[in-house]
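# Structural description and commentary
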Amino acid sequence: MIVLGGGTGGYSTALRAAQLGLDVILVERAKVGGTCLHWGCIPTKAILQTAEVAEYAQEAGDFGVTLDYQGIEVAALNAHKDAVVDKMWKGLQGALKGRGVETIHGTGTLTGADTVEISVEDGEDRTVSAPAIVIATGSKPKELPFAPFDGKRIISSDHALGLEKLPKRAIVLGSGAVGMEFATAWNAFGVEVTVIEMEDRLLPLEDADSSKEIGRAFRKRGINAMTAAKVSEVSSTSRTVTVKVETSKGTEEVKADLLLVAIGRGPVTEGAGLDAAGVEVDDRGFVTVDEYGRTNVDGIYAVGDVIATLGLAHASFAEGMLVADQLAGLDVLPIDYKGVPRVTYSHPEVASVGYTEAEATDAGFEVVTERYPFQALGRAAMAKATGMIKLVAVKDDDAEGGAGRVLGVHLVGPRATDLISEGQLIYNWEALPTDVAHLIHAHPSFGEAIGEAHLALAGRALHG
């Protein structure tokens, strides 16, 4: 098989296929690991780790620790981030080599249903053929048509990762995971941050109660959030950027040192030769696939950010393994994307799996909900942590507590992105509140919130 693109979708396909005995060529024009490893998941979380340390240092006195916090050394921050990325990159290269994957550094272009021409960076161009081809060419940040990236005042997340100096003021356009995470980090570093969101709440794809909770937390941190706000004009000078924002109160101007445009990512398919191979794309440029990752052309598959599924690295891993397993002749099941955890590494963290309350209602379920505050936990009190867990379940008058299958688990709080792993099991195994209520959660721990919420939903509330 030939895999075009060495990001999370591409390299997971390659590793799994090689593990199952297939001969694999992986074509990557930059560095294996793709966006997630080099410009996304890993470097941003390394920065957020520094932000967490900075917050603890600034609040150390509340815990009885005397520190002299003097701020962020950006060069050291970047060195830490780059060292983490480099370590992971070297490990990935070793894994691919160890599995026998042939990695070619160059640009691959489909010339037919089973043939790829590779323009090689250092060496002779090659033409390779295989009965199976996987398109995993990834995505890139979207930009505003009236304010293209200049890398200085109007920047993408790629540019933001390479800043050598922190701005004093920053505007973040978009409150998806990328925008919320940079807003969190910069705020922790002392930057005055304004988030502008076109929808009426932050993290608009999350449950409404999660949006309210993170909104309160951001206000408490001093992050200014403008929701139901539309950017109509952007102008910049050598020193500042000015954004005109249309709100219900009229037009406002917001000035800052830079504008981070975080309005999403678009698929990268240009130059991949999809037309030559007859591969269909939708009106947004995403490759069209069925539930098994198959395109309209026999033998050609697509995974990761180039298809219109969840733009999450762990979803790409699953898609890559799904395709590899099929090609090795294994029985497979389609991915239930509702059962894939959605995570945002803001402070506090936000994570969810399954249906939001609104989605469940729209899908025809009669639901009951339960909320439990992290503040009620001893472990959270020690850490001065806030947040909540919200459960969405099917209403069942015959069940203990009146609740049937758990349809959604929503967390805002400390270590939410880790705790959602239990939520994933609860949703995917179609657990009842009573099933989880029987489980004993460690005390004192953050995970107790999940246990306490299910106890309450089962009519067995212990505390509160």
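Relevant structure appears above.
Keep in mind that this is a model prediction, so the values were computed, not measured. (Residues numbered from 1 in each chain as written. Predicted model: local features only at pLDDT ≥ 70, side-chain atom pairs only at ≥ 80, totals over all residues. Heavy atoms only, no water.)

Take unusual backbone geometry next. A cis amide bond links H347 to the next residue, P348, at an omega of 5 degrees. Following the sequence through the fold, P348 ends up in the loop between β18 (342–344) and β19 (349–354). Geometrically, the link from H443 to P444 is a cis peptide bond, its omega value of -5 degrees lying close to zero. Considering the arrangement of structural elements, one finds P444 in the loop between α13 (433–437) and α14 (448–457). Although it is not a glycine, L203 sits at a positive phi angle of roughly 45 degrees. (Helix = DSSP H or I, 4+ residues; strand = E, 2+ residues; numbered from the N terminus.)

A few words now on the packing of helix α1 (residues 8–19) against helix α4 (residues 74–98). As a packed pair, α1 and α4 sit with axes 9 Å apart at the nearest point and diverge in direction by 35 degrees. The interaxial crossing formed by α1 with α4 has left-handed handedness. In contact with Y11, A14 and L15 of α1, α4 contributes L92, A95 and L96. Its residues assigned to classes, the contact of α1 with α4 shows six nonpolar, no polar and no charged. (Axes fitted to C-alpha atoms, helices over the stretch in contact; angles between N-to-C directions. Left-handed = near helix turned anticlockwise from the far one by under 90°. Contact = heavy atoms within 4.5 Å. Nonpolar A, V, L, I, M, F, W, Y, C, P; charged D, E, K, R; others polar.)

A separate point is the pattern of salt bridges. One pass over the full model with this rule turns up 19 salt bridges. The closest approach of N and O atoms between R126 and E102, which form a salt bridge, is 2.7 Å. Placement of R126 in strand β5 (residues 126–129) and of E102 in strand β3 (residues 102–110) is noted, with a sequence separation of 24 residues between them. For R126, a relative accessible area of 32% translates into the label partly exposed. Ionic pairing is found between E213 and R216, a salt bridge with its closest N-O pair at 2.8 Å. (Salt bridge = Lys/Arg side-chain N within 4 Å of Asp/Glu carboxyl O. Buried < 20%, exposed > 50% of the residue type's maximum accessible area, 1.4 Å probe, protein only.)

Here K81 is to be found in helix α4. Judged by relative accessible area, K81 falls into the buried class, the value being 7%. A polar atom in the side chain of K81 sits 3.2 Å from the side chain of D82. Apart from the residues within four sequence positions on either side, K81 is in contact with P43, A46, I47 and L161. (Polar contact = N/O pair within 3.5 Å; in protein donor to acceptor, adjacent residues only side chain to side chain.)

We now examine the packing of aromatic side chains. A complete count under the given rule lists four aromatic pairs for this structure. Ring centres of Y56 and F63 lie 6.4 Å apart, and the angle between their planes is 65 degrees; on these two criteria the pair is classed as edge-to-face. Residues F182 and W186 carry aromatic rings whose centres are separated by 5.5 Å and whose planes lie at 50 degrees to one another, so their mutual orientation is tilted. With a gap of four residues between them, F182 and W186 both fall in helix α6 (residues 177–188), about one helical turn apart. Residue F182 shares its accessibility class with W186, and that shared class is buried. In this arrangement the basic side chain of K31 is found over the ring face of W89, its NZ or CZ atom lying 4.6 Å from the centre. The side chain of K384 reaches across the aromatic face of F63, ending 6.0 Å from its centre. (Phe/Tyr/Trp six-rings, centres within 6.5 Å; stacked < 30°, edge-to-face > 60°. Lys NZ or Arg CZ within 6 Å of the ring centre and 35° of its normal.)

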